[in-house]
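Listed below, chain by chain, are the residues.
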Amino acid sequence: LRSLYAWHLDLLLLAVVKHGAARLGEDLAGDGYEEGEDHERQNALFVALARSAGNPEHVAALEAINCRLEPVQRLEQSFLDGTEAETQDILHALRANDRKALRSALVRYHRRRLRIIPEILEAMLLG
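The numbering scheme is per chain: residues are counted from 1 as the chain's sequence reads. At least 70 in pLDDT is required for a residue's local features to be given in this predicted model, at least 80 for side-chain atom pairs to be given and counted, and no such filter applies to totals for whole chains, interfaces and linings, which use all residues. With hydrogens and water excluded, all non-hydrogen atoms of the structure serve as input to the side-chain values.

A.B. asks: When you look at the environment of Val72 in this model, what are you seeing that I'm missing?
C.D. replies: Here Val72 shows up in helix H3 (residues 56-79). Only protein chains enter the accessibility calculation, which uses a 1.4 Å probe; a residue is then buried when its area is under 20% of its type maximum, exposed when over 50%, and partly exposed in between. Residue classification places Val72 among the buried residues on the basis of a relative accessible area of 4%. C-alpha of Val72 to C-alpha of Ile117: the two residues are 45 residues apart in sequence and 9.3 Å apart in space. Any two residues whose heavy atoms approach within 4.5 Å at even a single point are treated as in contact. Discounting residues that sit within four places of it in the chain, Val72 has contacts with Leu1, Tyr5, Ile120 and Met124. We count a stretch as a helix when DSSP gives it H or I for four or more residues in a row; a strand needs E for two or more, and each element gets its number in order from the N terminus.

Structure, rendered in structure tokens:
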């Protein structure tokens, strides 16, 4: 799970580097980031970010990771508060075309989840 979260972050940070600064906030319309549960909205933002890198393989890889993480993401909500604020931080950084803030928000997102891996795994085993 740690490796999967790390790969997820790596792909997102690569997408931040690969797309043009003007494109950071362009791909948000119609991607579902305003609907659904927090993790679904976050995933929609992540896919939009991957899409803005201009390489469809980024999108395919990120969507594959999202599918693998989806059961875990449902459990995250039980152990994390403030996920809506997290989503808003990511969205704000994307809309502001602020790479530094976006990188920071993505790293924070992943660090929070790395800290709760023991709880998630326990819940999965007992679930």
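A.B. asks: Would you mind showing me how to read the packing of aromatic side chains here?
C.D. replies: Each aromatic ring pair is specified by the distance between its two centres and by the angle formed by the two planes. Ring pairs are drawn from Phe, Tyr and Trp, using the six-membered ring of Trp, whenever the two centres fall within 6.5 Å, and their geometry is named by plane angle: stacked under 30 degrees, edge-to-face over 60, tilted for the rest. Applying the stated criterion to the full structure yields one aromatic pair. Between the aromatic rings of Phe46 and Tyr109, the centroid separation amounts to 5.1 Å while the plane-to-plane angle is 80°, which identifies the pairing as edge-to-face. Taken together, the positions of Phe46 in helix H2 (residues 38-52) and Tyr109 in helix H5 (residues 99-115) put the pair 63 residues apart, joining distant regions of the chain. The same class applies to Phe46 as to Tyr109, namely buried.

A.B. asks: Sorry, what's going on with the packing of H2 against H3 here?
C.D. replies: Each pair of packed helices can be described by the angle between their axes along with the distance between the axes. As a packed pair, H2 and H3 sit with axes 10 Å apart at the nearest point and diverge in direction by 165°. Between H2 and H3, the crossing angle belongs to the class labelled roughly antiparallel. Between H2 and H3 lies a crossing whose hand is right-handed. Counting all contacts with H2, which are made through Asp38, His39, Glu40, Asn43, Phe46, Val47, Ala50 and Arg51, the residues of H3 involved are His58, Val59, Leu62, Glu63, Asn66, Glu70, Gln73, Arg74 and Gln77. When residues are sorted by character, Ala, Val, Leu, Ile, Met, Phe, Trp, Tyr, Cys and Pro go into the nonpolar class, Asp, Glu, Lys and Arg into the charged class, and all the rest, Gly among them, into the polar class. Across the contact of H2 with H3, the residue classes break down as five nonpolar, six polar and six charged. As a rule, the C-alpha atoms of each element are fitted with a line to give its axis, helices using only the stretch in contact, and angles between N-to-C directions run from 0 to 180 degrees. Here is the rule for angles: anything less than 35 degrees is roughly parallel, anything more than 145 is roughly antiparallel, 65 through 115 is roughly perpendicular, and the remaining ranges are oblique. Here a crossing is taken to be left-handed if its near helix is turned anticlockwise relative to the far helix by less than a right angle, and right-handed if that turn runs clockwise.

A.B. asks: Please explain the side chain of Asp38 as it appears in this structure.
C.D. replies: Locating Asp38 in the fold gives a position in helix H2. If near-sequence neighbours (up to four positions away) are discounted, Asp38 is found in contact with Gln77, Thr83, Glu84 and Thr87.

A.B. asks: Just to check I follow, could you spell out the pattern of salt bridges for this structure?
C.D. replies: Pairing between side chains becomes possible if they bear opposite charge and their charged atoms approach one another. In what follows, salt bridge is the name for a side-chain nitrogen of Lys or Arg lying within 4 Å of a carboxyl oxygen of Asp or Glu. For the coordinates displayed, the defined rule picks out nine salt bridges. Notably, a salt bridge pairs Arg74 with Glu37, separated by 3.1 Å at the nearest N-O pair. Here the residue Arg74 occupies a position in helix H3, and Glu37 occupies one in the loop between helix H1 (2-18) and H2, the gap between them amounting to 37 residues. Judged by its relative accessible area of 38%, Glu37 is partly exposed. Glu76 is the salt-bridge partner of Arg113, the closest N and O atoms lying 2.9 Å from each other. A residue pair is termed long-range when its members are at least 10 positions apart, and Arg113 in helix H5 and Glu76 in helix H3 qualify at 37 residues.

A.B. asks: Honestly, H1 in this entry has me stumped. Any pointers?
C.D. replies: An α-helical segment advances 3.6 residues per turn. Residues three or four places apart therefore align on the same side. A helix's residues, less one, multiplied by 1.5 Å, set its expected span. Given a rise of 1.5 Å per residue, 17 residues ought to cover 24 Å, and the 24 Å separating the end C-alpha atoms of H1 matches this to within 8%. Listing the buried residues of H1 in full gives Leu4, Tyr5, His8, Leu9, Leu11, Leu12, Leu13, Ala15 and Val16. On its buried face, H1 is in contact with H2, H3, H5 and helix H6 (117-126).

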